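Residue-level listing of the chains:
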Amino acid sequence: MSAVAVRDLWKYYGDYPALREITFSAEQGTCLAVLGRNGAGKTTLLRILCGLSRAARGEIRILGRSARHPETRARVGILGHGIGIYDELSAMENLRLFARLYGLADIENSARHWLERTGLAHVRDGLVREFSRGMRQRLAVARAFLHAPEVLLLDEPFTALDDRAIAMLQDLLREALDRGATVLMSTHQLREALELATHVALISRGRLVHTGERTAEMLADPGWLYRHYGEA
Amino acid sequence: MGTRNKLIYLLAALGGLLVIRNLYVILLQFPDEAAQGAIYRIMFFHVPCWFICFTAFLAAGVASILYLWKRRMVFDNVAVSAVEIGVVFTATGLVTGSIWARVIWGIWWTWDPRLTWAFITLLVYLGYLMLRRAIDDPTERAKNSAVLCIFAFVSVVITYKAIDWWRTQHPGAVLSFRTGGGNIEPAWEMMLLWNFLALGLIAAAVLLIRLNQEQVRREVDGLRRRVHEL
Amino acid sequence: MDERNFTFMFYGLAAAWAILAAYVVYLGAREGKIRRQLENLRRMLEERDKT
Amino acid sequence: MRFLRQAGTIAVKDLKAELRTKEAINASLSFALVILLLFSFAFDPTAEQTREISGGLLWLVFAFAGALILNRSFSREQANDCLDILVASPVSGAALFIGKAVANAILILAVEVVCLPVFGVFYNITWTKRPWWLLLVLVLATWGLTVIGTMFSALTVNLRLRELMLPVLVYPMMIPSLMAAMQLTTLLIAGEPVTGEDIVWLRLLIGFDIIFTALGIGLVETVLVN
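Residues numbered from 1 in each chain as written. Chains lettered and ligands numbered in written order. Predicted model: local features only at pLDDT ≥ 70, side-chain atom pairs only at ≥ 80, totals over all residues. Heavy atoms only, no water.

## A word on the interface of chain D and chain B
Inference 1: Across the contact, 28 residues belong to chain D and 27 residues belong to chain B.
Inference 2: In total, about 2,400 Å² of surface goes out of reach between chain D and chain B, with carbon and sulfur atoms giving 79% of it.
Inference 3: When the shortest N-O distance is used, the salt bridge between R160(D) and D136(B) registers 3.1 Å.
Inference 4: Our enumeration of links across chain D and chain B arrives at seven residue pairs in polar contact (both at pLDDT 80 or more).
Inference 5: If you list the elements that add at least two residues to the side of chain D that touches chain B, you get α6 (131-155), α7 (162-189) and α8 (199-224) of chain D.
Inference 6: Of the residues forming the side of chain D that touches chain B, the biggest block, 10 residues, is contributed by α8(D).
Inference 7: For the side of chain D that touches chain B, the residue count by class is 21 nonpolar, five polar and two charged. (Contact = heavy atoms within 4.5 Å. Buried area = accessible area lost by both parts, 1.4 Å probe. Salt bridge = Lys/Arg side-chain N within 4 Å of Asp/Glu carboxyl O. Polar contact = N/O pair within 3.5 Å; in protein donor to acceptor, adjacent residues only side chain to side chain. Helix = DSSP H or I, 4+ residues; strand = E, 2+ residues; numbered from the N terminus. Nonpolar A, V, L, I, M, F, W, Y, C, P; charged D, E, K, R; others polar.)

Right, dumping it as structure tokens:
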């Protein structure tokens, strides 16, 4: 069974198909980079997988269940454009809140653990609104990894992050892949993504134009994919 | 000319002819009512107008539920079209009622429960039409306005039941299915139904025109999207 | 009184049909506007396709 | 059980966030006081007249001031795309909705409880003749307003013109609850019992609460997942 399986997925904006017959799957322990230009449909696809948006047609299976199933959502971690944490709460309170929402058994310890992992233990009771940009981003990463998700869905994860956070996120993703998690990320920043990716999928104008393993030539020349499969 | 256009003309023509025939009977054959004089004839339009409103809003509500269930844009088209027609006939109903009230009650308007609720219903559905203008993505627009439409129907139900729940100045129900019969002359009740049919035919014609428009508009939305994409 | 009564009845019926007529005129105007938009967009797409 | 726990977590989160900044509640309270003041210019208040319209007056204040709190409810979630994270979390839409509605209701009730004595002092009214009945009406009507307000706040959260749209949509829908609340409050402030024909208002109030809560719970998931 694939960790993430999508078959014949369509999404419309009115009559206009934003995604057309998307079919792919990602096996457990792999990292799939979903590539494509702005407006190609990457974010729409990711939103559907996160359960934030409904597909018009097609089937989605994440860990064997539908995307909106509560059980699925408890096992999926999400990092999007926005950081998704509350400015009015402290770092610790934010993590405690999400630990509770995800139904974790040991709220205090997992929250503390992830504050340490992201280097925020010294400001655990500081309000997020007083945090620097980098600290907020790291807290967002902690929030996404808090419940040890088996599938990670990341929408343009590297765009909002500074260098230190990028390095940290890459380490954490590698670690997650090692423990058997599946990672799906959409990005147009090829270099950072391709280092991690085991597979790539290229979306152009709502269609999946290429899926396959990430090859050595892609790593050497990130523009290779676009030249071969994307239109000019 | 497509069959759809033919149907529109046919419905409108039938409705028009029926209205003329009804007007003839109402104006020239029916005697003045004992207490109200000539003005009572407004009832023959006022009451069917409200029937059309209820029918239209009910249709919009059902179409909205169907949209949320099946997610087919057709249902959304039906919902907007029906709401728009409902709003037009609500306005007509309020204006004719108001003119009647000026003669019989001596005032244009009173904050009577029935009148108030009819007015609230108008506002609620105007809100629906405004909400639609504020959302760009057609799918999102269809979904959110369907939800609003279901909420809005509560006010229609209240308006309908207002004459039972509160003591109101507004005349009570007239049709036999609510009163058990005997409230008005059978000939008048028949005429109400005939006029309901006439206005219904015209409303159906307008509904079809409106549906066509909504389809073209969706095409425009789609093309606009494609232009953006390039 | 009775004549006034009759005038008001006439106003009532006239108002009802006036509202309906206004709506139909409005529908017609909108039809024209949507058609124009459609034409514009089609033309824009054709031009883009040529280049 | 799980539902209640999740709803509770959301409510506590909203209340905590609001009490830290006090943005909405401060704005709401001062707005309420301003309206109470403005009403004194609108008419020359003698105790007798004021008592007759007290229900209407108070609930207008509560509805306008409450809208500020309701408006913040979902727009607070927008700042960092938090709403997406909540919707994608294992919390059901219904739990999210109820949690937010409870938090809003508590905040609005707090504003109301502050406004009542101020109203009493400004307009020379003894409003405590039937305190428990009044409290019951306050709670029931506030819940009605809150459920509708929270639902429509969710409905308009992604709109360009949300600040403009929300009042236009929400006030007409609130009228059923407001109307019943106004009638009952006038009665209770005059010290009269709720009996006979007036029971119908209480029934309506409870009926609308049930209808709108059910509609909200049933439809909120559809609204949040686009």
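## With respect to the interface of chain C and chain B
Inference 1: Tallying the contact residues gives 29 residues for chain C and 39 residues for chain B.
Inference 2: When chain C packs against chain B, close to 3,200 Å² is buried across both sides, 74% of that on carbon and sulfur atoms.
Inference 3: Across the contact surface, chain C and chain B share two salt bridges.
Inference 4: The interface formed by chain C and chain B contains six residue pairs in polar contact (both at pLDDT 80 or more).
Inference 5: Classifying every residue of the side of chain C that touches chain B gives 19 nonpolar, three polar and seven charged.

## Considering the environment of L27(C)
Inference 1: Residue position: L27(C) is located in helix α1 (residues 2-50).
Inference 2: Every residue in contact with L27(C), bar those within four places of it in the chain, is listed here: E84(B), V206(B), I209(B), R210(B) and Q213(B).

## Thoughts on the arrangement of the chains
Inference 1: Between all four pairs of chains that are in contact, chains B and C come out with the most contacts.
Inference 2: One finds no contact between chain A and chain C; the C-alpha atoms of the two approach each other to within 14 Å at their closest.
Inference 3: There is a gap between chain C and chain D: no contact, and a shortest C-alpha distance of 22 Å.

## Some words on a nonpolar patch on the surface
Residue and element names in this part refer to chain D.
Inference 1: Side chains of F31, V34, L37, L38, F41, L60, F64, L68, V121 and F122 sit close together on the surface and give an oily, nonpolar patch of about 920 Å² of accessible area.
Inference 2: When contributions to the nonpolar patch are tallied by element, the ones reaching two or more residues are α2 (23-42), α3 (47-78) and α5 (93-122).
Inference 3: Sorting elements by how many residues they give to the nonpolar patch places α2 first, with five residues. (Patch = residues over 30% accessible without salt bridge, like charges linked within 9 Å, V, L, I, M, F, W, Y side chains within 5 Å. Areas by Shrake-Rupley, 256 points an atom, 1.4 Å probe, with all protein chains shown as cover.)

## Let's talk about the pattern of salt bridges
Inference 1: Under the criterion given, the structure shown has 33 salt bridges over all chains.
Inference 2: The shortest N-O distance in the salt bridge between R75(A) and E150(A) comes to 2.9 Å. Here R75(A), found in the loop between α2 (70-74) and β5 (76-79), pairs with E150(A), found in the loop between α5 (133-145) and β6 (151-155); they are 75 residues apart in sequence, far enough to count as distant.
Inference 3: With a closest N to O distance of 2.8 Å, E84(B) and R30(C) form a salt bridge. Of this pair, E84(B) sits in helix α3 (residues 73-104) while R30(C) is found in helix α1, placing the two residues in two different chains.
Inference 4: Members of the salt-bridge network, linked through shared partners, are D76(B), E84(B), R132(B), R210(B), E214(B), R217(B) and R30(C).

## What to know about the packing of aromatic side chains
Inference 1: Applying the stated criterion across every chain yields a total of 21 aromatic pairs over all chains.
Inference 2: Pairing F45(B) with W17(C) gives two aromatic rings, centres 5.8 Å apart and planes at 80 degrees, and the pair type is edge-to-face. With one member in each of two chains, F45(B) in helix α2 (residues 43-70) and W17(C) in helix α1 form a pair that bridges those chains.
Inference 3: Residue W17(C) is classed as partly exposed on the basis of its relative accessible area, which comes to 25%.
Inference 4: Ring centres of F54(B) and Y160(B) lie 5.2 Å apart, and the angle between their planes is 90 degrees; this geometry places the pair in the edge-to-face category. (Phe/Tyr/Trp six-rings, centres within 6.5 Å; stacked < 30°, edge-to-face > 60°. Buried < 20%, exposed > 50% of the residue type's maximum accessible area, 1.4 Å probe, protein only.)

## A short note on the side chain of Q213(B)
Inference 1: In this structure, Q213(B) sits in helix α7 (residues 186-229).
Inference 2: Discounting chain neighbours no more than four positions away, the residues touching Q213(B) are L27(C), R30(C), E31(C) and I34(C).

## Remarks on empty space enclosed by the protein
Over the atoms rolls a probe the size of a water molecule, and in doing so it shows where empty space is left.
Residues and elements named next belong to chain A.
Inference 1: The final tally for this structure, using the stated rule, is seven cavities of 30 Å³ or more.
Inference 2: Of the voids in this model, the largest cavity is the one considered here, and its volume is about 80 Å³.
Inference 3: Lining of the largest cavity is provided by L79, G80, H81, G82, I83, Q137, A140, V141, E156, P157, A160 and L161.
Inference 4: For the lining of the largest cavity, the element with the highest residue contribution is α5, accounting for three residues.
Inference 5: Classifying every residue of the lining of the largest cavity gives seven nonpolar, four polar and one charged. (1 Å grid on protein atoms, 1.4 Å probe; cavity = no way out; pocket = protein on both sides within 12 Å on 5 of 7 lines; lining within 4 Å. Points joined across faces, edges and corners; volume = space filled by probe spheres on them.)

Just distances and angles here, no functional claims.
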